[in-house]
Amino acid sequence: LASASRGMATAYDVGASTNIKWHEGAVPTETKETSMQQRGCVVWFTGLSGSGKSTVACTLEHALADAGKITALLDGDNVRHGLNSNLGFSAADREENIRRIGEVSKLFADTGIVTLVSFISPYRQDRDRVRERVGKGRFIEVFMKVPIAICEERDPKGLYKKARAGKLKGFTGIDDPYEEPLNAEVVLEAEKDGKRIQPEEQARVLLEYLQSKGYLQGPPPAK
Ligand SMILES: Nc1ncnc2c1ncn2[C@@H]1O[C@H](COP(=O)(O)OS(=O)(=O)O)[C@@H](OP(=O)(O)O)[C@H]1O
Ligand SMILES: Nc1ncnc2c1ncn2[C@@H]1O[C@H](COP(=O)(O)OP(=O)(O)O)[C@@H](O)[C@H]1O
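Residues numbered from 1 in each chain as written. Chains lettered and ligands numbered in written order. Predicted model: local features only at pLDDT ≥ 70, side-chain atom pairs only at ≥ 80, totals over all residues. Heavy atoms only, no water.

Draft legend 1. The sheet that holds strand β3 (residues 114-118), seen in detail. Pairing is parallel across the open sheet formed by 5 strands, whose spatial order is β2-β3-β1-β4-β5. Each edge of the open sheet carries a strand with a single partner, namely β2 (71-75) and β5 (186-189). With strand direction ignored, the average angle separating the axes of adjacent strands in the sheet is 15°. In terms of strand pairing, strand β4 (residues 139-145) meets β5 through 4 bridges, oriented parallel. Opposite Met144, over in β5, you have Leu188 as the bridge partner. Here helix α9 (residues 199-212) sits on the sheet and contacts β1 (41-46), β3, β4 and β5; the angle it forms with β5, its principal contact strand, is near 165°. (Pairing = 2+ DSSP bridges. Helix = DSSP H or I, 4+ residues; strand = E, 2+ residues; numbered from the N terminus. Axes fitted to C-alpha atoms, helices over the stretch in contact; angles between N-to-C directions. Contact = heavy atoms within 4.5 Å.)

Here's what the structure looks like:
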């Protein structure tokens, strides 16, 4: 198993909890979605540090709020201050980071909430596991396809500079891997025809995607 080969067993392979039973009977997701007139989903931003994940997710969340939609926003830097403060940046810790966030985002999506998630999430396998857990049609992978040269030029936190100077080891894109998505629902590039694309425009593309796929209206009435 890949996770075992990375030296850590996760709840995907090993169930440490025993004598537990799934409790049925919660109010169905569709009932909540009808009340809120929206469909629960996970909009999963992935990309290098500085590719614009947080900026676009934040801009999109404001646009959704303006449209009267109920949202949640989970961001790498913020979640690592609390829920995942015990995790670092080894492959095993990044895997566990994504597993936990996947579970939290599933809870939100199952409550009918449009859930925006922005983590580097460098491993394809970890993202694909979340896609499976969240369920078909509810997981929207958004690839921030920004060349490392642009991310490095932005370098808002000075981390690329540190990594290039050898003061920060295992930095994604420098001396740690980033596996590009192969089948992302949406790919957002930094430039078009030699012109930089602004975050507002990228957020608009996503808003239109969500509208066109029916996420911003209630589920069809039961037959
Ligand atoms: N070694 C290393 N590699 C990559 N990033 C690093 C590292 N150390 C600290 N940081 C800062 O942590 C942010 C990424 O956290 P994530 O939880 O999104 O990472 S991951 O999905 O678990 O790979 C990332 O934030 P973003 O710039 O918002 O992506 C960095 O600010
Ligand atoms: N489309 C864009 N065009 C120009 N600058 C951007 C764009 N998106 C983000 N930025 C800038 O790039 C920097 C990094 O963005 P951020 O959202 O923090 O990236 P990430 O969350 O992927 O690390 C910020 O200074 C932000 O203002």
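And the narrative resumes.
Draft legend 2. The arrangement of the pattern of salt bridges in detail. Within this structure, the stated rule accounts for 16 salt bridges. We note a salt bridge from Glu95 to Arg129, for which the minimum N-O separation is 3.1 Å. Here Arg129 lies in helix α6 (residues 124-134) and Glu95 lies in helix α5 (residues 91-110), a separation of 34 residues in the sequence. When the shortest N-O distance is used, the salt bridge between Glu153 and Arg196 registers 3.3 Å. Of this pair, Glu153 sits in helix α7 (residues 148-154) while Arg196 sits in strand β7 (residues 195-196), and the two are 43 residues apart along the sequence. What makes Glu153 exposed here is its relative accessible area of 56%. The class for Arg196 is partly exposed, based on a relative accessible area of 38%. Salt bridges sharing partners connect three or more residues here, namely Arg127, Arg131, Glu141 and Glu185. (Salt bridge = Lys/Arg side-chain N within 4 Å of Asp/Glu carboxyl O. Buried < 20%, exposed > 50% of the residue type's maximum accessible area, 1.4 Å probe, protein only.)

Draft legend 3. Expanded view of the layout of surface pockets. The calculated volume of the largest pocket comes to roughly 790 Å³. Forming the boundary of the largest pocket are 38 residues, of which Ser49, Gly50, Lys53, Ile120 and Lys157 lie nearest the centre. Contributions of two or more residues to the lining of the largest pocket are made by α3 (53-66), α4 (76-79), α5, α8 (159-164) and α9. Sort the elements by how many residues they give to the lining of the largest pocket and α3 lands first, with 4 residues. Residues belonging to the lining of the largest pocket are distributed by class as follows: 14 nonpolar, 14 polar and 10 charged. Of the pockets and cavities examined, the second largest pocket occupies roughly 340 Å³. In terms of lining residues, the second largest pocket is bounded by 15 residues, among which Trp22, Ala26, Lys106, Leu107 and Asp110 are the most central. Secondary-structure elements contributing two or more residues to the lining of the second largest pocket are α2 (29-36) and α5. Top element by residues in the lining of the second largest pocket is α5. It accounts for 4 residues. Among the residues forming the lining of the second largest pocket, the class breakdown is 5 nonpolar, 4 polar and 6 charged. (1 Å grid on protein atoms, 1.4 Å probe; cavity = no way out; pocket = protein on both sides within 12 Å on 5 of 7 lines; lining within 4 Å. Points joined across faces, edges and corners; volume = space filled by probe spheres on them. Nonpolar A, V, L, I, M, F, W, Y, C, P; charged D, E, K, R; others polar.)

Draft legend 4. Fine view of the site of ligand 2. Ligand 2 sits among 14 residues. The nearest are Gly50, Lys53, Ser54, Thr55 and Ile197. In the model, an oxygen atom of ligand 2 is placed 2.7 Å from a nitrogen or oxygen of the Gly50 main chain. The contact in question runs from a nitrogen atom of ligand 2 to an N or O atom on the backbone of Pro199, over 3.4 Å. Isolated, ligand 2 exposes 560 Å² of accessible area, and the fraction of that covered by the protein chains is 76%. (Near = heavy atom within 4 Å. Polar contact = N/O pair within 3.5 Å; in protein donor to acceptor, adjacent residues only side chain to side chain. Areas by Shrake-Rupley, 256 points an atom, 1.4 Å probe, with all protein chains shown as cover.)

These results come straight from atomic positions and should not be treated as a statement about function.
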